[in-house]
Amino acid sequence: MLKRERIRQTLQQTKQRRKNQIPVVYQLKINLDCASKATKEKLLRLFLEAKWLYNYIVADVDNRLNDDAWKLKEVEIKVGENLERRKIENLSSQMKQSLVERIRWNLYALHKQKQNGDKTGKLQFKQHVNSIPLKQFGNTFKFVNRQKTKVKIQGIKKPLRVLGACQIPEDSEIAKAELVRKPSGIYLFVTCYIDRDKYTEAWEARKSRKSVIKPRVWQTFDVAAGIDFKPAGLVLSNGLKLEWQIEETKRLKKLQRQLARQQKGSKRWYKTKQKIAREYERLTNIKRDVINKTCSLLYRYKTVCFQDDKIKGWKDGYFSKSVHYSAVGTIKRRLSDSLRVSTVAIKSSVPTTKTCSRCSSQHDVSLSERIFRCPVCGLEIDRDLNAAINMLKKVVGLDRPEVKPVEWETAARIFRGNPYILVSHTT
Ligand SMILES: [Zn+2]
């Protein structure tokens, strides 16, 4: 049989098999403490060479992006004003091939954007390349032992120790991986295909395991809720209040002061910079957890309504304004995209803060005033809660709801594990 035919046949077989499989990505951490200095350097070199290769091709796409691009053994890089030659020694040809493919994809995406009428420039140079595709399991990477604690990566002589491979089910089909560099270390993201029925089987077995894990019930609340977003939290129309305390840590502030003192470009400066990057990664992880947990609570409502854009008054001295702001944006987007909950966005022109939620008269409230006082009916209420109730009234026409015990319990259960979220009740 011809080689080409053989390849086509395998491709077709894979396609058939994939129909009954589920892709799952596992994140494994490479344990660099056990690796020798030479191995570590080699590993980091991969990312550097990937950057060189990427930028070299991007610099002259028309001539350099051809079918032989992956055979490049030497590239030119810009050092100051001059061009210098650098050898590509550690990247295997398969890695190069997939990097070249990535450039093609980026070009294609750019082209699509242009078709949609967006303004696009050329493909940009990269300051860092932080991920390297490893396309073929068994070739670019493989597990050396049965316990999957050691992984061999093409081009690196010694196998590397990895943590977390025990998550990969025994009989799953490992397809590809990606070598990812983060401030906290180097990770291997492994994509596996698991048979659909086996996947559900394992899940059922896990659910019915006695006493260890109780079968989980997705608790829903059969009511609607209005949400008033703040820079660092939100208030629901039933009085449930979430506050996020993702703040610049003392350590981060100290490191930033240290960085300012050090000479730019020196060894110590780079070291501090890396430490700062790690702190930021930690903050990002916390933020992601906050977003996931908050959405998990909000998904349980029947309908949620919130105001489209309300950024005014958000300029108090929060460091993490940007952090929190993007968190609110992500939550809003996720809610709108989700099929689990119906969402209603209220126009920002609707005066939700000015209106009294009991008698509907309107009064101006200054931004510093945390409590809304109505001179007509004498209502005294938290201003954010007042706004949230107005949103609910506007959409569903309901009056002020109370927090039900089940909502309380669920909120307590969801946020139990995260000390950065404060749950309280306002009236
Ligand atoms: Zn009133």
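Residues numbered from 1 in each chain as written. Predicted model: local features only at pLDDT ≥ 70, side-chain atom pairs only at ≥ 80, totals over all residues. Heavy atoms only, no water.

Student: Account for the overall build of the protein chain, naming residues and giving values.
Tutor: Secondary structure assignment for the protein chain yields 10 helices and 17 strands. When the backbone C-alpha atoms are referred to their principal axes, the protein chain occupies close to 85 × 60 × 45 Å. For the protein chain, contacts bridging at least 24 residues in sequence account for 67% of all contacts bridging at least 6. Taken as a whole, the protein chain presents about 26400 Å² of accessible surface, with 49% of it coming from carbon and sulfur. Across the protein chain, the mean location of the 90 positive side-chain charges is 5 Å away from that of the 44 negative side-chain charges. (Helix = DSSP H or I, 4+ residues; strand = E, 2+ residues; numbered from the N terminus. Contact = heavy atoms within 4.5 Å. Areas by Shrake-Rupley, 256 points an atom, 1.4 Å probe, with all protein chains shown as cover. Lys, Arg positive; Asp, Glu negative; His and termini not counted. Charge placed at Lys NZ, Arg CZ, Asp CG, Glu CD.)

Student: How would you explain the domain arrangement of the protein chain if you had to name every residue and give the values?
Tutor: Domains assigned within the protein chain are domain 1 (17-196) and domain 2 (224-246 + 278-425). Measuring from the centre of the C-alpha atoms in domain 1 to the corresponding centre in domain 2 gives 41 Å. (Domains from an automatic or database assignment.)

Student: Would you mind going over a nonpolar patch on the surface in detail, with residue names and values included?
Tutor: Taken together, the side chains of Val 395, Val 396 and Leu 398 present a nonpolar region at the surface, about 210 Å² in accessible area. Tracing the chain through its elements places Val 396 in helix H9 (residues 383-396). On the accessibility criterion, Val 396 (40% relative accessible area) is partly exposed. (Patch = residues over 30% accessible without salt bridge, like charges linked within 9 Å, V, L, I, M, F, W, Y side chains within 5 Å. Salt bridge = Lys/Arg side-chain N within 4 Å of Asp/Glu carboxyl O. Buried < 20%, exposed > 50% of the residue type's maximum accessible area, 1.4 Å probe, protein only.)

Student: Can you lay out the confidence of the model for the protein chain for me, pointing to particular residues and giving the numbers?
Tutor: Low pLDDT means the predicted atomic positions in that stretch should not be read closely. Per-residue confidence for the protein chain gives a mean pLDDT of 85, with 93% of residues at or over 70. Long-range and interchain partners of residues 312-320, a stretch whose pLDDT sits below 50, account for 17 contacts in this model, where long-range means more than four residues apart. (pLDDT = per-residue confidence, 0-100.)

Student: A description of the coordination of the zinc ion should follow, citing residues and the corresponding values.
Tutor: Six octahedral donors at a metal ideally form angles of 90 or 180 degrees, and four tetrahedral donors ideally form angles of 109.5 degrees. Around the zinc ion, the protein supplies Cys 356 (SG), Cys 359 (SG), Cys 374 (SG) and Cys 377 (SG) as donor atoms, at distances of 2.2 to 2.3 Å. Coordination at the zinc ion is tetrahedral, judged from the 4 donor atoms that bind it and the angles of 107 to 112° they form at the metal. Here the donor residues of the zinc ion share one chain and are spaced in sequence as C-x2-C-x14-C-x2-C. Taken as a pair, Cys 356 in the loop between strand S14 (342-346) and strand S15 (371-373) and Cys 377 in the loop between S15 and strand S16 (380-382) lie far apart in primary sequence, 21 residues in all. With relative accessibility at 1%, the residue Cys 356 sits in the buried group. For Cys 377, a relative accessible area of 27% gives the class partly exposed. (Donors = N, O, S within 2.8 Å, 3.2 Å for Na, K, Ca; no water. Tetrahedral: all angles 85-135°; square planar, octahedral: opposite > 155°, others 65-115°.)

Student: Can you explain the pairing of strand S10 (residues 224-230)? Please cite residues and give values.
Tutor: S10 sits mainly inside the fold: 7 of its 7 residues count as buried. Relative to strand S13 (residues 303-307), S10 runs parallel, the two sharing 4 bridges. When the sheet's bridge partners are listed, Ala 225 is paired in S13 with Val 304. Note: S10 against strand S11 (residues 233-236), 4 bridges, orientation antiparallel. Bridging from a neighbouring strand, Phe 229 pairs with Leu 234 of S11. Adjacent in sequence and paired antiparallel, S10 and S11 are bridged by 2 residues. (Pairing = 2+ DSSP bridges.)

Student: Explain the packing of helix H2 (residues 37-59) against helix H4 (residues 93-115) to me, and be specific about the residues and the numbers.
Tutor: Their axes nearest at 10 Å, the elements H2 and H4 cross at an angle of 45°. Of the possible angle classes, the one that applies to H2 and H4 is oblique. The way H2 lies across H4 gives a crossing that is right-handed. Where H2 approaches H4, its residues Leu 46, Ala 50, Leu 53, Tyr 54, Ile 57 and Val 58 are matched on the opposing element by Met 95, Lys 96, Leu 99, Val 100, Ile 103 and Asn 106. (Axes fitted to C-alpha atoms, helices over the stretch in contact; angles between N-to-C directions. Parallel < 35°, antiparallel > 145°, perpendicular 65-115°, else oblique. Left-handed = near helix turned anticlockwise from the far one by under 90°.)

Student: So what's going on with the sheet that holds S13? Residues and values would help.
Tutor: Reading across from one edge, S14-S13-S10-S11-S12-S17 is the order of the 6 strands in this open sheet, with mixed pairing throughout. With partners counted over all chains shown, the strands left at the sheet margins are S14 and strand S17 (421-425), one partner each. Direction aside, neighbouring strands of the sheet carry axes that sit 20° apart on average. Summarising the sheet, strand S12 (residues 240-244) and S17 pair through 5 bridges and their orientation is antiparallel. Following the sheet pairing, Lys 241 is matched in S17 by Ser 424. In this fold helix H7 (residues 267-298) packs onto S10, S11, S12, S13 and S17, with an angle of close to 170° to the strand it touches most, S12. In this fold H9 packs onto S10, S11, S13 and S14, with an angle of close to 140° to the strand it touches most, S10.

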